[in-house]
Amino acid sequence: MTQQILVLHGPNLNLLGTREPEVYGRQTLGDINANLQQIAAQAGAVCSVFQSNHEGELVDRIQKAGGDKVDFIIINAAAYTHTSVALRDALAAVAIPFVEVHLSNVYKRESFRHHSYLSDTARAVVAGLGAFGYEAALRYALSS
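Cut-offs used in this document
- Residues numbered from 1 in each chain as written.
- Predicted model: local features only at pLDDT ≥ 70, side-chain atom pairs only at ≥ 80, totals over all residues.
- Heavy atoms only, no water.
- UniProt positions renumbered as here; feature names shortened; annotations may be inferred.
- Helix = DSSP H or I, 4+ residues; strand = E, 2+ residues; numbered from the N terminus.
- Buried < 20%, exposed > 50% of the residue type's maximum accessible area, 1.4 Å probe, protein only.
- Contact = heavy atoms within 4.5 Å.
- Areas by Shrake-Rupley, 256 points an atom, 1.4 Å probe, with all protein chains shown as cover.
- Lys, Arg positive; Asp, Glu negative; His and termini not counted.
- Charge placed at Lys NZ, Arg CZ, Asp CG, Glu CD.
- Pairing = 2+ DSSP bridges.
- Axes fitted to C-alpha atoms, helices over the stretch in contact; angles between N-to-C directions.

The name that an unreviewed UniProt entry assigns to the chain is 3-dehydroquinate dehydratase, with the source organism given as Paralcaligenes ureilyticus. Database annotation for the chain, UniProt heading Pathway (unreviewed entry): "Metabolic intermediate biosynthesis; chorismate biosynthesis; chorismate from D-erythrose 4-phosphate and phosphoenolpyruvate: step 3/7." Turning to the chain, the UniProt record has this under Catalytic activity (unreviewed entry): "3-dehydroquinate = 3-dehydroshikimate + H2O".

Here is the structure:
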């Protein structure tokens, strides 16, 4: 059976490449997604991607993942990482293993970014590796 991986991108990640490139890098979200989909395809897996600036849409997509038979989720919840009990509850409800990704090293930034509502239930947390963090998470998911 083909492994199904869902990559979720939270608010403002649609601005990658132009938004604070010194913090988030110059790769666009399209570049990151294309790379992930290519790696997954080479491994015989399917990688679906979804981005939203709206918390409820992310919650809806997580809930849908349970019915879609998604095997693994990679999530960069962006600012919602630090505020969203709803995303945490949705991930717990579907019980799909996931990796939390951050482009920047959140521990070298403002103190409010040091707390995550997701990390204690994640299989792993990748932070500070830029766009490569997504690839590392995907390779981990493919090997799980």
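Anyway, onward from the coordinates.
Draft legend 1. Structural context of the overall build of the chain. Helix and strand counts for the chain stand at five helices and five strands. Across the chain, helices and strands are ordered from the amino to the carboxyl terminus as β-α-α-β-α-β-α-β-β-α. Dimensions of the chain, computed from the C-alpha atoms along their principal axes, are close to 45 × 30 × 25 Å. For the chain, the residues scored as buried account for 47% of the 144 residues in total. For the chain, long-range pairs separated by at least 24 residues make up 77% of all intrachain contacts whose partners lie at least 6 apart in sequence. Counting only carbon and sulfur atoms, one obtains 50% of the accessible surface of the chain, whose full area is about 7,000 Å². Of note, the chain has its 11 positive side-chain charges centred 4 Å away from the centre of its 13 negative side-chain charges.

Draft legend 2. Region of interest: the sheet that holds strand β3 (residues 72-76). Judged by pairing direction, the sheet is parallel, and its five strands sit side by side in the order β2-β1-β3-β4-β5 without closing on themselves. Strands at the two margins of the open sheet, each flanked by one partner only, are β2 (46-51) and β5 (124-127). Across this sheet, the average inter-strand angle for adjacent strands is 20°, counted without regard to direction. Sheet topology note: the strand β4 (residues 98-102)/β5 ladder contains four bridges and is parallel. Pairing of V101 across the sheet is with V126, part of β5. Relative to β2, helix α2 (residues 29-42) is tilted by about 160°, and along the sheet it contacts β1 (4-9) and β2. Each of β1, β2 and β3 touches helix α3 (residues 55-67); the most contacted strand, β1, lies at about 175° to it.

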